[in-house]
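Next come the chains, spelled out residue by residue.
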Amino acid sequence: MFSRFPYRLYNAALVAGAPLLLPYYGFRAARHGKYLPGLKERFGFLPESLAATAENRPTIWFHCVSVGEVLAARPLALALREACPAARFVVSTTTETGQARAREQLAWMDGWFYFPLDLPGVAERAVRHVRPSLVVVMETEIWANFLRVCTRKEIPVVLANGRISDRSFPRYKKLGGAMADLLGRFTKLLMQSDGDAERIVALGAPSDRVKMTGNLKYAAPDADERARQDRIAADLAARFNLSAPSSLISHPSSLPLIVAGSTVEGEEPLVLEAFAAIRATPGLENARMLLAPRHPQRFDEVRKLLDGGIFQYAVRTKPGPADATAPVILLDTVGELAAAYRFGDAVFVGGSLVPRGGHSILEPAAVARPVMTGPHTENFRDILRTFRAAEAVRQLETGTSAELAKVFIEILTDPDTAARLGERAFQTFTSQTGAAARAREEIMALLSLESGVESLESEN
């Protein structure tokens with residue numbers, strides 16, 4: 001156990017492993033030509049458009065790993081833009097899907113790029129190019145060299161929407177003083193819950209820098225995002241003969257639709273087996289299902305699974321004659337699931353039938369859908385605790401297809417129960433909003449953007 005972070009040992013391991021990264025990213029770039037610019041960016045060679053401006057506008061750099069972090073960052077970024085209209089905003093992501101969502105959800109920003117690898121010199125090159133006045137890191141991204149560069153250049157770094165999962169806490173704890181050293185490099189640590197705040201202090205974060213500001217994912221969609229979702233929903237409705245409820249709370253239709261969102265490997269067979277049992281239930285013979293795998297790289301895999309199954313299916317990206325009637329609709333797109341949830345008479349959120357930690361139930365809750373999840377929800381323990389206390393979610397105990405079918409049938413055949421479950425989900429969601437405003441206040445209180453620019457000028 002180290003008393004301080006062992007940078008020499010860390011960097012030696014990274015340098016030794018670096019040759020393995022080049023073939024990996026080279027292969028991905030060759031296979032997906034459109035990702036070739038990302039290869040250079042990961043090594044710190046950023047586009048000239050990201051360079052610090054001649055007029056020295058303060059720059060706020062958001063870093064989001066993937067899609068979930070991008071969605072969480074949006075309300076905070078908009079709140080900061082309102083408070084700092086003269087600032088320049090840029091965003092980095094780690095994954096390709098995150099990059100696509102950032103360019104869509106944060107299209108108003110001044111630049112988008114891939115986060116640099118935490119190799120010696122690479123982080124320095126990227127930071128020197130962008131010259132941020134403030135870095136906002138979403139959730140729990142802790143990169144030693146990047147933080148060290150920001151500390152040396154006196155750039156404030158804020159951990160926003162921070163969380164420490166049950167699984168990661170004991171691993172971080174083993175690092176002892178080394179973890180405390182890294183956490184001490186954050187200027188502010190804004191955590192999702194009291195439990196997350198307690199955990200990060202136990203790991204060595206300075207308690208006077210830790211604040212519980214709430215979960216940014218509870219933020220309701222803004223006007224632009226609502227308009228975008230409405231456009232997608234209108235297209236889905238026309239294409240697949242779907243009916244959106246006339247109000248947030250409504251009874252199931254004569255053609256009930258199940259939405260199975262963010263499913264992961266091992267879950268689709270269980271969901272389809274449950275769907276077969278549902279359609280064998282009197283009164284539910286015409287039920288339909290919209291199936292949305294979590295990861296784009298699995299779309300082909302799920303199509304092959306459907307090819308070998310008993311249900312006719314339609315595909316979002318391939319219009320066909322069965323679109324309006326097919327029992328199963330495969331949503332093989334990124335960024336459309338939130339708009340599709342409104343059509344669900346019952347919703348299942350995946351990553352939870354198998355031990356993957358679960359995915360967020362907040363999007364269906366925000367449109368008052370009766371929602372269920374599997375037993376594996378460690379990544380969203382506080383959200384699930386809140387919703388369970390309000391009886392606003394159905395959580396399965398075993399995660400079998402039989403149990404999944406049973407709960408679906410209960411919801412679809414009992415309109416009053418379904419309506420109450422959806423209404424409680426909506427009320428629970430709305431009661432937890434306000435995190436973006438609290439986080440903005442904390443960020444604005446800790447720094448002056450003008451002084452941040454001056455410190456960068458003197459450093460460089």
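See the structure above.
Residues numbered from 1 in each chain as written. Predicted model: local features only at pLDDT ≥ 70, side-chain atom pairs only at ≥ 80, totals over all residues. Heavy atoms only, no water.

Is there a simple way to think about the overall build of the chain in this case?
Of regular secondary structure, the chain possesses 19 helices and 14 strands. Whereas a compact globule of 460 residues would reach a radius of gyration of roughly 23 Å, the chain reaches 23 Å, a difference of no more than 12%. Expressed along its principal axes, the backbone C-alpha trace of the chain runs to roughly 75 × 45 × 45 Å. When the 460 residues of the chain are sorted by exposure, 54% land in the buried category. Restricting the contact set of the chain to residue pairs at least 6 apart, pairs at least 24 apart contribute 71%. Of the accessible surface of the chain, which amounts to about 19500 Å², a share of 54% is contributed by carbon and sulfur atoms. Averaging the positions of the 54 positive and the 52 negative side-chain charges in the chain gives two centres separated by 4 Å. (Helix = DSSP H or I, 4+ residues; strand = E, 2+ residues; numbered from the N terminus. Rg over C-alpha atoms; globule rule 2.2 N^0.38 Å. Buried < 20%, exposed > 50% of the residue type's maximum accessible area, 1.4 Å probe, protein only. Contact = heavy atoms within 4.5 Å. Areas by Shrake-Rupley, 256 points an atom, 1.4 Å probe, with all protein chains shown as cover. Lys, Arg positive; Asp, Glu negative; His and termini not counted. Charge placed at Lys NZ, Arg CZ, Asp CG, Glu CD.)

I'm lost on the environment of Ala338 in this one. Help?
Locating Ala338 in the fold gives a position in helix H13 (residues 337-340). Residue classification places Ala338 among the buried positions, given a relative accessible area of 12%. Sequence separation between Ala338 and Thr417 is 79 residues; the distance between their C-alpha atoms is 23 Å. Those residues in contact with Ala338 that sit more than four places away from it in its chain are Gln229 and Glu363.

For this particular structure, what's the right way to read the sheet that holds strand S2 (residues 88-93)?
One key point about sheets: their strands pair by backbone hydrogen bonds, in either a parallel or an antiparallel sense. Across the sheet, seven strands lie side by side as S3-S2-S1-S4-S5-S6-S7; this open sheet has parallel pairing. Of all the strands in the sheet, the pair left with one neighbour each is strand S3 (111-114) and strand S7 (210-212). Each strand axis lies, on average, 20° off the axis of its neighbour in the sheet, ignoring direction. Note: strand S1 (residues 59-64) against S2, six bridges, orientation parallel. (Pairing = 2+ DSSP bridges. Axes fitted to C-alpha atoms, helices over the stretch in contact; angles between N-to-C directions.)

Please clarify how the layout of surface pockets should be interpreted in this entry.
A water-sized probe, rolled over the atoms, reveals where empty space remains. Looking at the second largest pocket, its volume works out to about 270 Å³. Forming the boundary of the second largest pocket are 16 residues, of which Gln192, Ser193, Asp382, Thr386 and Gln432 lie nearest the centre. At four residues, the largest contribution of residues to the lining of the second largest pocket is made by helix H15 (residues 381-389). Residues of the lining of the second largest pocket, tallied by class, amount to three nonpolar, nine polar and four charged. (1 Å grid on protein atoms, 1.4 Å probe; cavity = no way out; pocket = protein on both sides within 12 Å on 5 of 7 lines; lining within 4 Å. Points joined across faces, edges and corners; volume = space filled by probe spheres on them. Nonpolar A, V, L, I, M, F, W, Y, C, P; charged D, E, K, R; others polar.)

Sorry if this is basic, but what is going on with the sheet that holds strand S13 (residues 371-373) here?
Taken in spatial order, the seven strands make up an open sheet running S10-S11-S9-S8-S12-S13-S14, and their pairing is parallel. Looking at which strands have only one partner, the edges of the open sheet turn out to be strand S10 (313-315) and strand S14 (394-395). As defined by bridge partners, S10 adjoins strand S11 (residues 328-330) across three bridges and the pair is classed as parallel. Within the sheet, the bridge partner assigned to Val315 lies in S11 and is Leu330.

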